[in-house]
Amino acid sequence: MSTATAATHEGDAPARGALRALLPALAAHRAMTARTCAAALLEQGSLVTLVTLAAHTVGTAVIEGKAPSAATVTALAALVLVRALATWREMDLSHDLAYRVLAVLRVRVFDGLARSAPARIAGRRSGDLAATAMADVEALEFFYAHTTAQLLASATVLTGGCLVLAVVEPWLPAAVLPVAALLAAAPFADARGRAARGARTRTAVARLSADTVETVDGLRELLALGQLAERRRTLAEHGRQVGDAQRAEATREAVAASVRDLLIVAAVLGVVAAAAHSVTSGRLHGAWAPAAMALALAVLGPVAESARALSQAVALRAAASRVGAAVQAPALAPPPAQPRRLPPGPLGVRLHQVRFDYGGQPVLDGVDLTVPPGRTLALVGVSGAGKSTCAHLLARFWDPSQGTVQLVPAHGDPVDVRDVADAELRRAVVLVGQETPLFHGTLAENLRLAAPEADDDLLAATARRCGVDRNAAMDTLVGERGATLSGGQRARIALARALLVRPRVLVLDESTAHLDNTGDARIADALREEGRTTIVIAHRPATIRRADRIAVLDQGRIVEEGTWEDLTSRPGSALDRVLGIPS
Ligand SMILES: Nc1ncnc2c1ncn2[C@@H]1O[C@H](COP(=O)(O)OP(=O)(O)OP(=O)(O)O)[C@@H](O)[C@H]1O
């Protein structure tokens, strides 16, 4: 897990640069960002001009007893219209910009997860990952929609307003600028605390999301174990923690909002006092007193709003950290710089002196294994011996820390799987696990994941070959994760899907464990194809003995290899020990 993610999970203040790291995402939308800034500037600028002109007009009317000119009334009406249009345009553009950026960000989070799958995902809860992919990305909408353009516009309007005030009376900006500086500094004063509170909220939300996903997933098991009431209590407790974390943020924000209001009132009173003094000493026309007050109020309002947005953005550091960590997750199996093409024809497999660990003790410690092209090997070992790990290295979910995993053509040089482009490797080597998931959709849709171009006849023929229920129509809904099917039916569909790829190397990791003995034998026939290399990981003796050769994995190495007859005729063989056959 990356440091940023770890910090967030522990509820610490996340990295300071996390929000800055979000800005480059705007680079792809420079023109739109510029339009959003221009609209925000027009929105704020038109309001400031409107209220200042209105106050000056009223002041002039009261003091001089003159009705406003037609030009002034027209200008005021035009400003109202401009302000309304600019508000609509700014909201429209800022949200459009934010949603575009978020759409890209969601895909980049997904890419990050895919790049680091399954290793990095293995240690994390799916609800937690879903929270990063959805809730954290969604939370950043505020940053993109309500921070950047508003900050730029309010700073510009403040500068322009102060220049006008300085022209009217050089002392007037002195009442506005210190308050503006205080408002701008406020979000940074308690940045650590705010970021930590934000992180607590995000962590609580992620935990609740993880709990909810796990509970929904495991409802059947929880029901069977009589644990539903307990689970309900846990969910309620974690929901309460989310509420507490959100309330703590809201309470601080309420205090900050009151302080901001107080500061603005103080600044406006300061401007009123200074303007009144200038008017009474004859340096300023009386109409400028209400105009200066309105102008001060109008420029400080957006500054206060920006300060609020900045405070909220600081609280989003945790979400930004989590999204950043997901986006920047390094590839665990980096793509080759110069991919090598696999030669045509059957491919064998060779693991040479392979070492691998998951960050602790080595799981594989010098594995040597060769499967000639077109042959079937049964990889056998006690539970936890590292059989699936070998399969995962062959499918290149991970790379070994030492040694090589190669695909070996009948003629020509072996090719290291690290040198093969991902798409080509996925076509050449297909791994079917015991719990290969099916996706929500029809039987045909699930099969077509492997071969999008396959016609219905091919799908039906392959499904039949693997023993998928004859009566199952291609438009039968299989339900999420194949929930409406039996374990055996799911296995048959997963196998049919694998066959549609027409892989040259097929790795079956306990994929037929759900089938009865007859089904297992039929599937073995269906899978047999001239030239295909097959590695079968199994515990069932009948499955193992069908293989051309058997390799026994123990203590991280291949300790025994041979045919079924060889190994079972050897007294006290490692195979006998694995199968529990007394010597
Ligand atoms: N993602 C992972 N992170 C950490 N350790 C892991 C991970 N996957 C597997 N292991 C550990 O590596 C060892 C080998 O696991 P592996 O799944 O390869 O065994 P196996 O021989 O296939 O077992 P089984 O027959 O029970 O499926 C086990 O000790 C397991 O706990």
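Residues numbered from 1 in each chain as written. Predicted model: local features only at pLDDT ≥ 70, side-chain atom pairs only at ≥ 80, totals over all residues.

- Labelled according to an unreviewed UniProt entry, the protein appears under the name ABC transporter ATP-binding protein, originating from Streptomyces levis.

### Quick word on the overall build of the protein
For step 1, the next point in the chain: Along its length, the protein carries 23 helices and ten strands.
For step 2, the next point in the chain: Counting over 583 residues, the protein shows a buried share of 41%.
For step 3, the next point in the chain: Sequence-distant contacts, at least 24 apart, represent 78% of the contacts inside the protein between residues at least 6 apart. (Helix = DSSP H or I, 4+ residues; strand = E, 2+ residues; numbered from the N terminus. Buried ≥ 20, exposed ≤ 12 C-beta atoms within 10 Å, placed from the backbone. Contact = placed C-beta atoms within 7 Å.)

### A closer look at the sheet that holds strand β4 (residues 402-409)
For step 1, the next point in the chain: Spatially, β2-β1-β4-β5 is the arrangement adopted by the four strands of the open sheet, whose pairing is antiparallel. Since the sheet does not close on itself, it has two edges, and those belong to β2 (362-371) and β5 (415-416), each with one partner.
For step 2, the next point in the chain: Strand direction decides the pairing type here: strand β1 (residues 347-357) and β4, joined by seven bridges, are antiparallel. Its bridge partner being in β4, Leu351 is matched across the sheet by Val405.
For step 3, the next point in the chain: The strands touched by helix α15 (residues 387-394) within the sheet are β1, β2 and β4, with β1 carrying the most contacts at an inclination of about 115 degrees. (Pairing = 2+ DSSP bridges. Axes fitted to C-alpha atoms, helices over the stretch in contact; angles between N-to-C directions.)

### With respect to the nonpolar core
For step 1, the next point in the chain: Leu140, Val271, Ala292, Ala296 and Leu300 are the most contacted members of the largest nonpolar core, which has 76 residues in total.
For step 2, the next point in the chain: With 20 residues, the single largest contributor to this core is helix α13 (residues 288-315).
For step 3, the next point in the chain: In contact with Val271, other than residues within four places in its own chain, are Leu172, Ala175, Val176, Ala292, Met293 and Ala296.
For step 4, the next point in the chain: Grouped together as the second largest cluster of nonpolar side chains are 71 residues, Cys390, Leu443, Ile523 and Ala574 included. (Core = buried A, V, L, I, M, F, W, Y, C linked by C-beta atoms within 7 Å.)

### Some remarks on the packing of helix α3 (residues 30-64) against α13
For step 1, the next point in the chain: At a minimum axis distance of 7 Å, the contact between α3 and α13 shows a crossing angle of 160 degrees. The pairing of α3 with α13 is recorded here as roughly antiparallel in orientation. Between α3 and α13 lies a crossing of right-handed hand. Between α3 and α13, the contacting residues are Gln44, Leu47, Val48, Val51, Thr52, Ala55, His56, Val58 and Gly59 on the first element and Trp288, Ala289, Pro290, Ala291, Met293, Ala294, Leu295, Ala298, Val299 and Pro302 on the second.
For step 2, the next point in the chain: Split into classes, the residues belonging to the contact of α3 with α13 amount to 15 nonpolar, four polar and no charged. (Parallel < 35°, antiparallel > 145°, perpendicular 65-115°, else oblique. Left-handed = near helix turned anticlockwise from the far one by under 90°. Nonpolar A, V, L, I, M, F, W, Y, C, P; charged D, E, K, R; others polar.)

### Remarks on helix α19 (residues 487-500)
For step 1, the next point in the chain: With 14 residues, α19 should cover 20 Å at 1.5 Å per step; its first-to-last C-alpha distance of 20 Å lies within 8% of that length.
For step 2, the next point in the chain: Those residues of α19 that fall on the buried side of the exposure criterion are Gln489, Arg490, Ala491, Arg492, Ile493, Ala494, Leu495, Ala496, Arg497, Ala498, Leu499 and Leu500.
For step 3, the next point in the chain: Turning to α19, the residues buried within the fold contact β6 (429-432), α17 (443-448), α18 (456-465), β7 (505-509) and α20 (517-527).
For step 4, the next point in the chain: Count one or two residues on from α19 and you reach Arg502, which has phi positive near 55 degrees. (Expected span 1.5 Å × (residues − 1).)

### Some points on the sheet that holds strand β8 (residues 533-537)
For step 1, the next point in the chain: Strand order in this open sheet of six strands is β6-β7-β8-β3-β9-β10, and the pairing throughout is mixed. Lying at the two open borders of the sheet, with one neighbouring strand each, are β6 and β10 (557-562). For this sheet, the mean inter-axis angle between neighbouring strands, taken without regard to orientation, is 20 degrees.
For step 2, the next point in the chain: Pairing of β7 with β8, which is carried by five bridges, proceeds in the parallel orientation. Opposite Leu508, over in β8, you have Val536 as the bridge partner.

### Section: α18
For step 1, the next point in the chain: Looking at α18, one finds that the buried residues are Leu459, Ala460, Thr462 and Ala463. Buried residues in α18, looked at end-on, bunch into an arc of 165 degrees, giving them a common side. Looking at α18, the residues exposed on the side facing more than 90 degrees away from the buried face are Asp457 and Ala461.
For step 2, the next point in the chain: At the C-terminal side of α18, Gly467 shows a positive phi close to 80 degrees. (Arc of directions from axis to C-beta.)

### Some words on unusual backbone geometry
For step 1, the next point in the chain: With a phi angle near 55 degrees, Arg502 is a residue other than glycine that sits in the positive phi range.
For step 2, the next point in the chain: Mapped onto the secondary structure, Arg502 falls in the loop between α19 and β7.
For step 3, the next point in the chain: Classification of Arg502 by C-beta neighbours within 10 Å gives partly exposed; the count is 15.
For step 4, the next point in the chain: Even without a glycine there, the phi angle at Gln555 is positive, about 50 degrees.
For step 5, the next point in the chain: With respect to the element layout, Gln555 can be found in the loop between β9 (549-554) and β10.

### A word on the packing of α3 against helix α8 (residues 148-168)
In a packed pair of helices, the relevant descriptors are the angle between the two axes and the axis-to-axis distance.
For step 1, the next point in the chain: Between α3 and α8, whose axes approach to 8 Å, the crossing angle comes to 40 degrees. Here α3 lies oblique to α8, going by the angle between them. When you trace α3 past α8, the crossing you get is right-handed. Seen from α3, the contacting residues are Thr36, Cys37, Ala40, Leu41, Gln44, Gly45 and Val48; seen from α8, they are Ala149, Gln150, Leu152, Ala153, Ser154, Thr156, Val157 and Gly161.
For step 2, the next point in the chain: A class-by-class count of the residues in the contact of α3 with α8 yields eight nonpolar, seven polar and no charged.

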